Amino acid sequence: MMQLTAWAVLLPLIAGFVLLFARMGGLRLQRSLNLLVVLGLVFMSIEMVKLSLTGVHQVYLAGNWIAPFGIVFVLDQLSALMVLITSLLALGALWYAIATKYDKQGSHFHVLFQLQLFGLNGAFLTGDVFNLFVFFEVLLLASYGLLLHGGGRLRTKAGLHYVVINLIGSTLFLFAVGALYGAVGTLNIADMAAKISVAPAEDLGLIAAAGLLLLVVFGVKAAMFPLYLWLPNAYAQTSAPVAALFAIMTKVGIYSIIRVHGTIFGEQAGDLASFYTPWVLGLGLITLLLAAFGVMAARGLREQVAYLVLASVATLLIGVGLNSPQALAATLYYLIHSTLIAGGMFLLADIISRGRGVHEDRFEPAPIIPNAILIGSVFMFGAVAMTGMPPLSGFFGKVLILAAALENSWFFAILAVVLVASLLMIIAMARAGSLLFYRTQPVDVLPGEPLNVAALGAVIGLLAISPILVIFANPVTAYTELVSIQVFDNATYIEAVLSTPATQRVE
Amino acid sequence: MEWLIAILIGVMTSAGVYLTLRARTFPVVLGLTLLAYAVNVFLFAMGRLTIGQPAVIDAAAAGYADPLPQALVLTAIVIAFGMTAFLIVLALKARGEMGNDHVDGLHLADDERLPEQISSHNNQEAKS
């Protein structure tokens, strides 16, 4: 079953090319093909999760070159989980894009969508730092196209900032990778971890500097303070399905910190073991506070949801910064929740915006939207989940992270920041909800479009993950604990990657 | 030779950073290009500086140049080239849609005005 790892990367790439040619067959063909492929990816990632639960690392040697020399793809429980989240989110976003005919607004939406998935899956499955850079570029290039899809002045402006900041990030990535290669002479993550553990003392400073530079790069992707300024504008200005899909993009940064830093600066790294975690924890706390202020100050619903994404990323950074298997398990639970809920909230904001006509999503009194009671209930459900109030999954995620923080010497700072930020977010969301649904002006003619039921289906589908995570909280936390134990078991990872033999040719 | 390469990378990086911090799109594009050059030379240098050594297996060779950074630089050049081309097109699009080439769009803090008003304003600015 080695091939499953490679297929999860190859299928979106092939689908992207096929969709490019399917354009001649019309939009309907492209839509059904894309939907089919995304559904296939969902089933494939479920299979991958099942396969990863055996606890064995599935290593795929590209071109049959053994580990430190060739490029490897590694499927473990963490990457299987990330691929599963990606394909579920992609299904919701694609469904919404088709239901609202958003893909009609420009050409190549479906092609870019699949290439984006190609980059994401590749980044989650690769076991090589330089290959991670290449997949980052693939997913970024596709995201540039998707971000600008549909056009518009403000979107172009936000897109320009997004592209420039990510190009700077790519340059820094190469500097960091180059410095690491210069110091340890390898690019394979497992081999790098093994080499760093025996590195001479005079090289440690260079390795630490390169590691922190790499943290800056992943911080740009994850929108960590002070590198988050691009996020709210880009997410608020792009279209809803793309913003929903981008909810996973910040998690690529989180994943990369867990995978790369967690592996090469794991407990075997001697003096450098976990030297980066205080940075992640401290910057996470600052990000969370600033994100809560941003949620308070937002002028429109989409901007507010963008800041909520930032807050969820900050919470994840705190979880990663705590650096214990228990904290990582809580972080992964929160990651499943926050990615899918944030995607759903972006789509919901678009539905509300469409219903309000010229007022769009701005926080100002406007005529009542069609089906206000139904949409309002969904909004309240999403707001409760997003801000982390009981009884939905956001609350459990935060409680688990705080419980894992009990041992930490910064516990009271973490407790204070998380609680204050949650309070600010609850106030802001309550204000947003009352403004959007209560302070309405009576009119004879409804201003916006009628409710698109199929589009709302996508929102409800994504938000449904929250009650599922609560009802099945026990098996899900057991699963995330299993994942985090495997992530912390670096020795097995290194052993698995470096000892995989090349397959023999069958004569 | 090491100090020459080090100074070269340093000068290109600082020039790139300076240009990237400019307010108009064209210097930013140039700055990013310079940064890409700097990082390419840096990647090369990370394979250690050698002269006259083959990179592929040669029975007569006394030693080898590290071939991996060369492959990395090749990839990095291709990616940087594609990204620069994309950025130039995007900068042109932004110039066309916003009426000026400021990275932050309008420098008059008025984001909601129509493009005609902006171009008339720019004309007035040019006259005065």
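Residues numbered from 1 in each chain as written. Chains lettered and ligands numbered in written order. Predicted model: local features only at pLDDT ≥ 70, side-chain atom pairs only at ≥ 80, totals over all residues. Heavy atoms only, no water.

Comments concerning the overall build of chain B
Next, step 1: Helix and strand content of chain B: four helices and zero strands.
Next, step 2: Each helix and strand of chain B, ordered N terminal to C terminal, gives the series α-α-α-α.
Next, step 3: Burial statistics for chain B: of 128 residues in total, 33% are counted as buried.
Next, step 4: Carbon and sulfur atoms form 68% of the exposed surface of chain B, whose accessible area is close to 7,800 Å². (Helix = DSSP H or I, 4+ residues; strand = E, 2+ residues; numbered from the N terminus. Buried < 20%, exposed > 50% of the residue type's maximum accessible area, 1.4 Å probe, protein only. Areas by Shrake-Rupley, 256 points an atom, 1.4 Å probe, with all protein chains shown as cover.)

A look at the overall build of chain A
Next, step 1: Each helix and strand in chain A was counted, giving 21 helices and four strands.
Next, step 2: The C-alpha radius of gyration computed for chain A amounts to 22 Å, which stays within 12% of the reference 23 Å derived for 507 residues, consistent with globular compactness.
Next, step 3: Within chain A, contacts between residues at least 6 apart in sequence are counted, and of these 81% link residues at least 24 apart.
Next, step 4: Total accessible area on chain A stands at roughly 17,900 Å², and carbon and sulfur atoms take up 69% of it.
Next, step 5: Here chain A holds 22 positive side-chain charges and 22 negative ones, and the gap between their average locations is 16 Å. (Rg over C-alpha atoms; globule rule 2.2 N^0.38 Å. Contact = heavy atoms within 4.5 Å. Lys, Arg positive; Asp, Glu negative; His and termini not counted. Charge placed at Lys NZ, Arg CZ, Asp CG, Glu CD.)

A look at the interface of chain B and chain A
Next, step 1: Each partner contributes to the interface: chain B provides 37 residues, whereas chain A provides 28 residues.
Next, step 2: For the pair chain B and chain A, the summed buried area comes to about 2,900 Å², and 78% of that belongs to carbon and sulfur atoms.
Next, step 3: Interface area lost by chain B to chain A is led by Met-83, Phe-86 and Leu-90 of chain B, which between them contribute 19%.
Next, step 4: Where chain B packs against chain A, one counts zero salt bridges.
Next, step 5: Along the contact surface separating chain B from chain A lie four residue pairs in polar contact (both at pLDDT 80 or more).
Next, step 6: Those elements that provide at least two residues to the side of chain B that touches chain A are helix 1 (2–20), helix 2 (25–45), helix 3 (67–98) and helix 4 (115–127) of chain B.
Next, step 7: In terms of residue count, the dominant contributor to the side of chain B that touches chain A is helix 3 of chain B (15 residues).
Next, step 8: Its residues assigned to classes, the side of chain B that touches chain A shows 24 nonpolar, five polar and eight charged. (Buried area = accessible area lost by both parts, 1.4 Å probe. Salt bridge = Lys/Arg side-chain N within 4 Å of Asp/Glu carboxyl O. Polar contact = N/O pair within 3.5 Å; in protein donor to acceptor, adjacent residues only side chain to side chain. Nonpolar A, V, L, I, M, F, W, Y, C, P; charged D, E, K, R; others polar.)

Comments concerning the packing of aromatic side chains
Next, step 1: If you walk through the whole model with that rule in mind, you get 24 aromatic pairs over all chains.
Next, step 2: Their ring planes at 65 degrees and their centres at 6.1 Å tell us that Phe-73 of chain A and Phe-135 of chain A sit as a pair that is edge-to-face. Residue Phe-73 of chain A is located in strand 2 (residues 72–75), and its partner Phe-135 of chain A is located in helix 5 (residues 129–148); the two are separated by 62 residues in the primary sequence. The same class applies to Phe-73 of chain A and to Phe-135 of chain A, which are both buried.
Next, step 3: Aromatic ring contacts, followed pair by pair, group Tyr-144, Tyr-162, Trp-230, Tyr-235, Phe-246 and Phe-346 of chain A together with Phe-86 of chain B into a single cluster. (Phe/Tyr/Trp six-rings, centres within 6.5 Å; stacked < 30°, edge-to-face > 60°.)

Quick word on unusual backbone geometry
Residues and elements named next belong to chain A.
Next, step 1: With omega at 0 degrees, the peptide bond leading from Phe-225 into Pro-226 counts as cis.
Next, step 2: Along the chain, Pro-226 falls in the loop between helix 8 (204–222) and helix 9 (230–237).
Next, step 3: The amide bond that connects Pro-390 to the next residue, Pro-391, takes the cis arrangement and shows omega of 10 degrees.
Next, step 4: In this fold, Pro-391 is placed in the loop between helix 15 (372–387) and helix 16 (393–405).
Next, step 5: In this structure, Ala-223 is a non-glycine residue whose phi angle is positive, near 60 degrees.
Next, step 6: For Ala-223, the position within the fold is in the loop between helix 8 and helix 9.
Next, step 7: Look at Asn-323: it is not a glycine, yet its phi comes out positive at around 55 degrees.
Next, step 8: Looking at the element boundaries, Asn-323 is found in the loop between helix 13 (301–322) and helix 14 (325–355).

Let's talk about the pattern of salt bridges
Residue and element names in this part refer to chain A.
Next, step 1: One pass over the structure, following the stated rule, counts 10 salt bridges over all chains.
Next, step 2: Residue Arg-259 is joined to Asp-76 by a salt bridge in which the shortest nitrogen-to-oxygen separation is 2.6 Å. Note that Arg-259 is positioned in helix 11 (residues 249–264) and Asp-76 in the loop between strand 2 and helix 3 (77–99), a separation of 183 residues in sequence.
Next, step 3: In this structure Asp-76 comes out as buried when scored by relative accessible area, which is 1%.
Next, step 4: The partner of Arg-362 in a salt bridge is Glu-364, and the shortest N-O contact between them spans 3.6 Å.
Next, step 5: On the accessibility criterion, Arg-362 (37% relative accessible area) is partly exposed.
Next, step 6: On the accessibility criterion, Glu-364 (24% relative accessible area) is partly exposed.

Remarks on the nonpolar core
Residues and elements named next belong to chain A.
Next, step 1: In terms of nonpolar packing, the biggest core is built from 220 residues, with Phe-173, Ile-207, Tyr-235 and Phe-379 touching the most fellow members.
Next, step 2: Top contributing element to this core by residue count: helix 14, with 18 residues.
Next, step 3: Leave out the neighbours within four places in its chain, and Ile-207 touches Leu-180, Ala-183, Val-184, Ile-196, Ala-199, Phe-265 and Leu-272. (Core = buried A, V, L, I, M, F, W, Y, C linked by side-chain atoms within 4.5 Å.)

Observations concerning the environment of Phe-44 of chain B
Residue and element names in this part refer to chain B.
Next, step 1: Secondary-structure assignment places Phe-44 in helix 2.
Next, step 2: With a relative accessible area of 43%, Phe-44 lands in the partly exposed category.
Next, step 3: Separated by 32 residues in the primary sequence, Phe-44 and Ala-76 have C-alpha atoms spaced 11 Å apart.
Next, step 4: Among residues more than four places away in sequence, those in contact with Phe-44 are Pro-69, Gln-70 and Val-73.

Some points on the packing of helix 5 of chain A against helix 11 of chain A
Residue and element names in this part refer to chain A.
Next, step 1: Helix 11 packs onto helix 5 with a crossing angle of 175 degrees between their chain directions and a minimal axis gap of 12 Å. When the axis of helix 5 is compared with that of helix 11, the two are roughly antiparallel. Note on element contacts: helix 11 touches helix 5 through Met-249, Val-252, Ser-256 and Val-260, opposite Leu-132, Phe-136, Leu-139, Leu-140 and Ser-143.
Next, step 2: Across the contact of helix 5 with helix 11, the residue classes break down as seven nonpolar, two polar and no charged. (Axes fitted to C-alpha atoms, helices over the stretch in contact; angles between N-to-C directions. Parallel < 35°, antiparallel > 145°, perpendicular 65-115°, else oblique.)

Some thoughts on helix 18 (residues 453–463) of chain A
Residue and element names in this part refer to chain A.
Next, step 1: Buried within helix 18 are the following residues: Ala-455, Leu-456, Ala-458, Val-459, Leu-462 and Leu-463. The buried residues of helix 18 occupy an angular sector of 150 degrees when the element is viewed end-on, so they sit on one face.
Next, step 2: Turning to helix 18, the residues buried within the fold contact helix 3, helix 14, helix 15 and helix 19 (465–471).
Next, step 3: Measuring from the backbone nitrogen of Ala-454 back to the side-chain oxygen at the start of helix 18 gives 3.3 Å, which picks out Asn-452 as the cap. (Arc of directions from axis to C-beta.)

As for the environment of Arg-23 of chain A
Residues and elements named next belong to chain A.
Next, step 1: Tracing the chain through its elements places Arg-23 in the loop between helix 1 (3–22) and helix 2 (27–52).
Next, step 2: Residue classification places Arg-23 among the partly exposed positions, given a relative accessible area of 42%.
Next, step 3: Separated by 68 residues in the primary sequence, Arg-23 and Leu-91 place their C-alpha atoms 20 Å from one another.

These figures capture arrangement, not role.
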